[in-house]
Amino acid sequence: KCAHLRLVCQAEQKPYSTSKLWWCGISLLGLGELGNFTAYGFAPITLVAPLGCVSVIGSAFISAFFLKKTIRTADILAGTLTITGINLLVTFSPNVPQELTARQVQNYLVSWPFLVYSILEIIIFCILLYFYKRKAVKHIVVLLMMVAVLASLTVIAVKAVSSMIALSVKGKMQLTYSVFYIMIVLMATSCAFQIKFLNQAMHLYEATAVVPINYVFFTTSAIISGVIFYQEFQSAALLNVFMFLFGCLLSFLGVIIIARNKKEEHLQVHFIDCGHIPGQKLTGKIQPDSHSSCYGTLNKEDDSVKRQS
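The shown structure was predicted, so the numbers you read here are calculated from the model rather than taken from an experiment.

How do you make sense of the overall build of the protein when you look at a structure like this?
Broken down by element type, the protein carries 12 helices and 2 strands. Beginning at the N terminus, the succession of helices and strands in the protein can be written as α-α-α-α-α-α-α-α-α-α-α-β-β-α. Taking all 309 residues of the protein together, the buried fraction comes to 35%. In the protein, the proportion of contacts linking residues at least 24 apart, taken out of those at least 6 apart, comes to 74%. For the protein, the accessible surface area stands at approximately 19100 Å², while carbon and sulfur atoms represent 67% of it.

Now the structure itself:
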């Protein structure tokens, strides 16, 4: 974002691909996603997915340094809620073995809880797709629910692929099993369709609405898939489950508050200065008062116009 703003302010417009700052940002973004992918191989889905709120909250505070945004009380409150939620997530996350072999993935794929879960997801996705395609219903909830359904398959595949690669690096070769390549195809396909529907949502709605709703839907979907497919809360105590869900709730609130704060800041721009109109002298106020129906006038020396004003 900082690179794009700098390029806009330059007299000679250049493509963003020529900016070193832009390439630096893309490289850091790629590194972050690589770390996110690797994390699925060493930690439960139910822990990694909710921690995505760190990027939302972090970007709000980092923008204060790079984009000169103002940090408000609401931002500090959101950050406090999120940090508290993260502490609860880490403390009460399920303690399950993370060495996931190809044979275990095969067994999970044919287990009856996952088969029932898959059938329900297919039915829900087909219903949503019917309304999206046939009825042209492009409500934000419909679009992001389709993203969430696909995301549940993505995180299942990502964890399986990441875990099998991690075991192969340690010396326990898992890349010779066909399930490894099945999971790669599932991961790539579900990601591609996620991008399609998420892009549609970003095109039709404000990012301040898409970001928090997508985060809540994605996280909820990922937690459910982790519980059903990998049975991550199978032996967890009831108190641990409650405190974990409470941590998720605090993280959700933090992201929503940050998004609402950004929306309010955007709405503070009262008018757009279009510059001087040649041959005309503008009045002092371009933007009318809230109780006025007039949008400003052009002052002319003509007496009739003076009388009308």
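Any chance you could explain the UniProt feature "transmembrane region" (unreviewed entry) in the protein here in plain terms?
UniProt records the feature "transmembrane region" (unreviewed entry) for residues 21-42, 48-67, 74-92, 112-132, 139-158, 178-198, 210-230 and 236-259 in the present numbering. In residues 48-67, helix accounts for 75% and strand for 0%; the two terminal C-alpha atoms are 28 Å from one another. As annotated, residues 139-158 comprises 95% helix and 0% strand, and the C-alpha atoms at either end are separated by 28 Å.

Just to check I follow, could you spell out the environment of Ala157 for this structure?
Among the secondary structure elements, Ala157 is positioned in helix α8 (residues 140-169). Ala157 has contacts with Met183, Leu186 and Met187, leaving out every residue within four places of it along the chain.

Where do I start with the nonpolar core in this structure?
Across soluble globular proteins, nonpolar side chains have a tendency to be buried as a group. Within the largest apolar cluster, 46 residues are counted, with the highest numbers of intra-cluster contacts made by Tyr40, Val105, Met164, Met183, Phe229, Tyr230 and Phe244. With near-sequence residues (within four places) excluded, Val105 lies in contact with Leu100, Ala160, Met164, Val179, Met183 and Phe229. By size, the runner-up hydrophobic cluster in this structure holds 14 residues, among which are Leu128, Val142, Leu144 and Met146.

I tried to follow helix α2 (residues 20-39) on my own but got confused; where do I start?
One turn of the α-helix equals 3.6 residues, which is why residues spaced by three or four share an orientation. Taking 1.5 Å as the rise per residue, α2 with 20 residues should run 28 Å; its terminal C-alpha atoms sit 29 Å apart, in good agreement. Where α2 begins, the capping side chain belongs to Ser19, and its oxygen is found 3.3 Å from the backbone nitrogen of Leu21.

Can you walk me through the side chain of Thr154 in this structure?
Mapped onto the fold, Thr154 is located in helix α8. Among the residues examined, Thr154 registers a relative accessible area of 7% and is labelled buried. Discounting chain neighbours no more than four positions away, the residues touching Thr154 are Ser190, Cys191 and Gln194.

Explain the packing of aromatic side chains to me, please; I cannot follow it from the model alone.
Working definition: an aromatic ring pair is given by the centre-to-centre distance plus the angle between the planes. Using the criterion set out here, one finds 11 aromatic pairs in the structure. Measuring from ring centre to ring centre gives 6.3 Å for Phe125 and Phe197, while their planes differ by 70 degrees; the resulting arrangement is edge-to-face. Taken together, the residues Phe125 in helix α7 (residues 112-133) and Phe197 in helix α9 (residues 178-204) connect sequence positions 72 residues apart. For Phe197, a relative accessible area of 2% corresponds to the buried category.

Scoring rules and cut-offs
Residues numbered from 1 in each chain as written. Predicted model: local features only at pLDDT ≥ 70, side-chain atom pairs only at ≥ 80, totals over all residues. Heavy atoms only, no water. Helix = DSSP H or I, 4+ residues; strand = E, 2+ residues; numbered from the N terminus. Buried < 20%, exposed > 50% of the residue type's maximum accessible area, 1.4 Å probe, protein only. Contact = heavy atoms within 4.5 Å. Areas by Shrake-Rupley, 256 points an atom, 1.4 Å probe, with all protein chains shown as cover. UniProt positions renumbered as here; feature names shortened; annotations may be inferred. Core = buried A, V, L, I, M, F, W, Y, C linked by side-chain atoms within 4.5 Å. Expected span 1.5 Å × (residues − 1). Polar contact = N/O pair within 3.5 Å; in protein donor to acceptor, adjacent residues only side chain to side chain. Phe/Tyr/Trp six-rings, centres within 6.5 Å; stacked < 30°, edge-to-face > 60°.

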